[in-house]
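Working through the structure, step by step
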Amino acid sequence: MVNKHVLAWVKEMEGLCKPDRVVWCDGSKEEKERLTKEAFKTGELIEFNQEKLPGCVFHRTAENDVARTEHLTFICTSKKEDAGPTNNWMAPVDAYSKLSGIFDGAMRGRTMYVVPFIMGAPGSHFNKIGVEITDSIYVVLNMRIMTNMGDVAMKALGNTGDFTKCLHSKADLDINRRFICHFPEDNTIWSVGSGYGGNVLLGKKCLALRIASYMGRKEGWMAEHMTLMGIEKPDGEIIYVAGAFPSACGKTNLAMLIPPESMKGYKIWTLGDDIVWLRIGKDGRMWAINPETGFFGVAPGTNKKTNGNAMRTISKNTIFTNVLLKEDRTVWWEGLEDKPEKGIDWKGDQWNSYSGKPGAHPNSRFTTPISQCPTGSPETNNPEGVPISAVLFGGRRAKLAPLVYESFNWQHGVFVAATMASEPTAAISDEVHEIRRDPMAMLPFIGYNAGDYFKHWLDMGKKLKNPPKIFHVNWFRTDGEGKFMWPGFGENLRVLEWIIHRADGGDRAVKTPIGYVPARGVLNLDGVNVSAGDMEKLLSVDPKAWIAEAESIKGFFDKIGGKLPKELEDERKALVGRLKE
Ligand code: SAT
Ligand code: MN
């Protein structure tokens, strides 16, 4: 007995896309094995050495289809103003008509898969349900790792029509006919012409961030681009922390952090590395879940030293995308141990280590179940989520921003988060060092007007009796020679230790014009090699540079325009006032 709302919609999309056959996915193991075998036959997937990498498969995307395409991503609301200044906009009628032309007959000769899925744990009041239609087995198998997929979702949906309609077709993978369109007013997503992760795993950025942020504003909750972790202190208490960082700034590494030798007694519990949904609990605190069940992480740079937990997580049942295939049919990417002499690169060409060409694409990825993570938290599937004590915001900033500072209160924290900035990551460009404002690390994911989004953040703060404290961190400060002054990775726990101490009402801080920083000498630096001079620089605030920053923020606020909440401009002026004192 299939839900009649789903059935009617699937029929309609079948009429549009004209597949040869329709397959309803149940999420079973047999289904996974059947689809995997089929994909081996067509070359959509390649099998790895099953002795060394059990259950692991490999996929190559088209060469022009290796990352999210923000310029082809649209928010389609009836009024342009509702999409706001940070989004591309198309009128819904125009978008439907344009994309219908591309979807029309796009699945001829192909199978159309119907993939029901839950974002969130079954039975949780945080949940949202989606149904993705796709012509890609790669998408089905990724969705199977990233979400609770199949019969479990149909059961959760019951007889209601309360699901996000997600339509995807690779079509002809022509970049000129590639569009990722969101229709928040219709709870619908249409994605065509791509086969890359963030563009096609529609539960992820499209539903769980863009559509969910729009829903959250209406329903009084928030969808954010955050990592989620528990920090167990030596006394056994676990403090939960969420952290927003732009893509490829170390969210996955932070969530799986391994404490340094000298900080025995601490333990990190991993709940998520990319998306967090936040609701206000009955106790007036903020409660969080990670709506995903897998990690879609950046491969390059991941190794035993930078992220030993990720390496163990991906040792089986993992889908690798755009990596290098070694001669023994295992996997390699830049930054991984045991660099091979030759192999087949991410494009499918012969590669050798002297060629100077990358073996794996800089944005190559692994898709892997959270349940395999050695530090996976037992709370991951708790339908109530976990209570959040601190929220971290951070980008890559070679200069200016100290290692860590704490906002004065919620409103000031929203200002800090709304004005955060980051240098483009290596995956985008090596040369450009210009910073880009990336409010809450959500610039490409706010599904509505950014001014309204800031207002929603302020409003949520008013409703929280016990709001989490808001911090800004910057692991990426460099010295005069361009060398990182802070060692990062596991050593970041030293900063987290101060953060949870502050979140618990502790002292050990000094006030500066931009917020509280750790008092000199209180960060635990036992067993780490940072000079006193560097430490001083890492915690210092340069008023002249910050006044210039406040000027640059003014320019950003002007771009947000009339919907910018007055409170944020007030905060900017107050900052300038404190700096001039
Ligand atoms: O490229 S994805 O959107 O799938 C992942 C990311 O950027 O976080
Ligand atoms: Mn992300």
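Residues numbered from 1 in each chain as written. Chains lettered and ligands numbered in written order. Predicted model: local features only at pLDDT ≥ 70, side-chain atom pairs only at ≥ 80, totals over all residues. Heavy atoms only, no water.

1. Describing the overall build of the protein chain
Of regular secondary structure, the protein chain possesses 16 helices and 31 strands. Relative to the 2.2 N^0.38 estimate, which gives 25 Å for 581 residues, the radius of gyration of the protein chain is 23 Å and therefore close to what a compact globule would have. Principal axes of the C-alpha set define a box for the protein chain whose edges measure 70 × 55 × 45 Å. In the protein chain, once contacts between residues fewer than 6 apart in sequence are set aside, the share between residues at least 24 apart is 73%. For the protein chain, the computed accessible surface area is about 23,100 Å², with 50% contributed by carbon and sulfur atoms. Treating the 74 positive side-chain charges of the protein chain as one cloud and the 72 negative ones as another, the clouds have centres 1 Å apart. (Helix = DSSP H or I, 4+ residues; strand = E, 2+ residues; numbered from the N terminus. Rg over C-alpha atoms; globule rule 2.2 N^0.38 Å. Contact = heavy atoms within 4.5 Å. Areas by Shrake-Rupley, 256 points an atom, 1.4 Å probe, with all protein chains shown as cover. Lys, Arg positive; Asp, Glu negative; His and termini not counted. Charge placed at Lys NZ, Arg CZ, Asp CG, Glu CD.)

2. Overview of the sheet that holds strand β21 (residues 331–332)
Consider a sheet: its strands pair through backbone hydrogen bonds, and that pairing is either parallel or antiparallel. With antiparallel pairing, the four strands of this open sheet are ordered in space as β21-β20-β22-β23. Because the sheet does not close on itself, it has two edges, and the strands there are β21 and β23 (350–352). Note: strand β20 (residues 324–326) against β21, two bridges, orientation antiparallel. Residue pairing for β21: L324 is matched across the bridge by W332. (Pairing = 2+ DSSP bridges.)

3. Here's the deal with the coordination of the manganese ion (ligand 2)
Taken together, K205 (NZ), H225 (NE2) and D274 (OD) make up the protein donors of the manganese ion (ligand 2), found 2.0 to 2.2 Å from the metal. Going along the chain, you hit the donors of the manganese ion (ligand 2) in the pattern K-x19-H-x48-D. In this pair, K205 is assigned in helix α8 (residues 203–219) and H225 in the loop between β12 (222–224) and β13 (226–232), connecting sequence segments 20 residues apart. (Donors = N, O, S within 2.8 Å, 3.2 Å for Na, K, Ca; no water.)

4. Section: the confidence of the model for the protein chain
Across the protein chain, the average pLDDT comes to 96, with 98% of residues at or above 70. Summarising per-element confidence for the protein chain, the mean pLDDT is lowest in strand β28 (residues 436–437) (92) and highest in strand β11 (residues 188–192) (99). With pLDDT under 50 throughout, residues 426–432 is counted as low confidence; its partners more than four residues away or in other chains account for three contacts. (pLDDT = per-residue confidence, 0-100.)

5. Comments concerning the sheet that holds strand β24 (residues 365–369)
Read from one edge of the open sheet, five strands run β2-β3-β19-β24-β18, paired in mixed fashion. Because the sheet does not close on itself, it has two edges, and the strands there are β2 (46–47) and β18 (294–298).

6. Some details on the domain arrangement of the protein chain
When the parts come together, some accessible area is lost, and that loss is often what is quoted as the size of the interface. You can read the domains of the protein chain as domain 1 (4–41 + 68–219), domain 2 (223–292 + 377–563) and domain 3 (296–372). Domain 1 puts 33 residues into the contact, and the matching count from domain 2 is 33 residues. Buried surface at the junction of domain 1 and domain 2, summed over both partners, amounts to about 2,900 Å²; 58% is from carbon and sulfur atoms. For domain 1, the biggest contributors to the area lost against domain 2 are F126, L209 and R217; these three give 25% of the whole. Our count for the contact surface shared by domain 1 and domain 2 stands at five salt bridges. The closest approach of N and O atoms between D452 and R217, which form a salt bridge, is 3.8 Å. For the pair domain 1 and domain 2, the interface holds 15 residue pairs in polar contact (both at pLDDT 80 or more). With eleven residues, the single largest contributor to the side of domain 1 that touches domain 2 is α8. Residues that form the side of domain 1 that touches domain 2 fall into these classes: 14 nonpolar, ten polar and nine charged. (Domains from an automatic or database assignment. Buried area = accessible area lost by both parts, 1.4 Å probe. Salt bridge = Lys/Arg side-chain N within 4 Å of Asp/Glu carboxyl O. Polar contact = N/O pair within 3.5 Å; in protein donor to acceptor, adjacent residues only side chain to side chain. Nonpolar A, V, L, I, M, F, W, Y, C, P; charged D, E, K, R; others polar.)

7. Some words on the environment of E33
Inspection of the secondary structure assignment puts E33 in helix α2 (residues 29–42). Among the residues examined, E33 registers a relative accessible area of 43% and is labelled partly exposed. (Buried < 20%, exposed > 50% of the residue type's maximum accessible area, 1.4 Å probe, protein only.)

8. As for the environment of D345
By secondary structure assignment, the location of D345 is in the loop between β22 (342–344) and β23. On the basis of relative accessible area, D345 is assigned to the buried category, the value being 5%. For the pair D345 and A360, spaced 15 residues apart in sequence, the C-alpha to C-alpha distance is 6.0 Å. Other than its neighbours up to four places away in sequence, D345 contacts R60, V323, L324, W351, P358 and G359.

9. Overview of the packing of α2 against helix α5 (residues 137–146)
Running from N to C, α2 and α5 cross one another at 145 degrees; their axes reach a closest spacing of 10 Å. When you trace α2 past α5, the crossing you get is left-handed. Listed contacts from α5 to K29, K32, L35, T36, E38 and A39 of α2 are I137, V140, L141 and R144. (Axes fitted to C-alpha atoms, helices over the stretch in contact; angles between N-to-C directions. Left-handed = near helix turned anticlockwise from the far one by under 90°.)

10. Brief notes about the site of ligand 1
Near ligand 1, the surroundings consist of R68, Y196, G197, G198, K205, S247, D274, F296 and R365. With the chains in place, 96% of the 250 Å² that ligand 1 exposes on its own is no longer accessible. (Near = heavy atom within 4 Å.)

11. A short note on the packing of helix α15 (residues 543–560) against helix α16 (residues 566–580)
Between α15 and α16, the least distance of the axes is 10 Å, while the angle of their chain directions is 165 degrees. Judged on the interaxial angle alone, α16 and α15 are roughly antiparallel. For the element pair α15 and α16, the recorded crossing hand is left-handed. Of α16, the residues touching α15 (which contributes P543, W546, I547, A550, E551, I553, K554 and F557) are L568, E569, R572, L575, V576, L579 and K580. Among the residues forming the contact of α15 with α16, the class breakdown is ten nonpolar, no polar and five charged. (Parallel < 35°, antiparallel > 145°, perpendicular 65-115°, else oblique.)

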